[in-house]
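Topology and contacts: notes
The residues making up each chain are set out below.
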Amino acid sequence: MSIGARGIQHIGVSVPDLDKARSFYIDLLGAEEVGTPLEWQAPNPFIDAVVGLEGSAARQFMCRLGNAHIEVFEYLAPRSPDQDANQGVHTFGYTHFAVQVEDIQATYQRLLEAGIRVHTPPSMDGITVDEQGRKQGYAATYCRDFFGNVFEIMEIYSDDQIRPVWREGEGVIAPS
């Protein structure tokens, strides 16, 4: 029997530098910061119990990117060991999030200019154009933010395997 989950409210990511993360999520990806940023210091027994850490202290902001929210934390205590910026996406646990873009080639170039590492240039072989000029299919590639966290960029049109979350002229579309 289902627990009754209705959707994903947000995805959380821990980073070593909140200001640099804000420049990635807000300035580069174009997310909109929402709500009031949080900050807490130890002792805070309630938050320690929620997050499962003793003596925690952190700064946080929440942002909305289209149809999803991302919560970004910098834990000041306990401080995390350095992250493996090359950790494989096959490692157990959450591996990446994907963002849909209008023009994957232009996005790819902009990410490179910003110093973002892209695993491989996107191939446009997966996008076809029919006789009426309508595009179908999708193109995608994996990238890493300033800290090594993996994200995927996708240009998506009508496709049976991958559903778009945004359409030109319609904006964000509800899942069907």
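The model shown is predicted, which means the values in this text are computed figures rather than measured ones. (Residues numbered from 1 in each chain as written. Predicted model: local features only at pLDDT ≥ 70, side-chain atom pairs only at ≥ 80, totals over all residues. Heavy atoms only, no water.)

**Description of helix α1 (residues 18–28)**
Considered for burial, the residues of α1 that qualify are Leu 18, Ala 21, Phe 24, Tyr 25, Ile 26 and Leu 28. The N-capping residue of α1, defined by a side-chain oxygen 3.1 Å from the backbone nitrogen of Asp 19, is Asp 17. Looking one or two residues past α1, Gly 30 carries a phi angle of roughly 90 degrees, positive in sign. (Buried < 20%, exposed > 50% of the residue type's maximum accessible area, 1.4 Å probe, protein only. Helix = DSSP H or I, 4+ residues; strand = E, 2+ residues; numbered from the N terminus. Polar contact = N/O pair within 3.5 Å; in protein donor to acceptor, adjacent residues only side chain to side chain.)

**Description of unusual backbone geometry**
In this structure, the amide linkage connecting Ala 42 to the following residue, Pro 43, adopts the cis form with an omega of 0 degrees. Checked against the element boundaries, Pro 43 lands in the loop between β2 (32–40) and α2 (45–51).

**Focus on the layout of surface pockets**
Of the volumes computed, that of the largest pocket is approximately 1200 Å³. Every residue lining the largest pocket is counted, 40 residues in all, and those nearest its centre are Asn 67, Ala 98, Val 99, Gln 100 and Val 165. Listed by contribution, the elements that provide at least two residues to the lining of the largest pocket are β4 (68–77), β5 (97–100), α3 (104–113), β9 (150–156) and β10 (166–167). Here the residues of the lining of the largest pocket sort into 23 nonpolar, 10 polar and seven charged. (1 Å grid on protein atoms, 1.4 Å probe; cavity = no way out; pocket = protein on both sides within 12 Å on 5 of 7 lines; lining within 4 Å. Points joined across faces, edges and corners; volume = space filled by probe spheres on them. Nonpolar A, V, L, I, M, F, W, Y, C, P; charged D, E, K, R; others polar.)

**Here we look at the packing of aromatic side chains**
Counted according to the given criterion, the structure contains eight aromatic pairs. Centroid distance Phe 24 to Phe 151: 5.1 Å. Interplanar angle 65 degrees. Geometry classified as edge-to-face. Note that Phe 24 is positioned in helix α1 and Phe 151 in strand β9, a separation of 127 residues in sequence. In this pair, the class of Phe 24 matches that of Phe 151, namely buried. Between Trp 40 and Phe 73, the aromatic rings sit 6.1 Å apart at their centres with planes inclined by 75 degrees, giving edge-to-face as the arrangement. Of this pair, Trp 40 sits in strand β2 while Phe 73 is found in strand β4, placing the two residues 33 residues apart along the sequence. One aromatic cluster is present, formed by Phe 24, Tyr 25, Phe 97, Phe 146 and Phe 151 through successive ring pairs. Sitting over the ring of Phe 61, Arg 22 keeps its end group 4.4 Å from the ring centre. (Phe/Tyr/Trp six-rings, centres within 6.5 Å; stacked < 30°, edge-to-face > 60°. Lys NZ or Arg CZ within 6 Å of the ring centre and 35° of its normal.)

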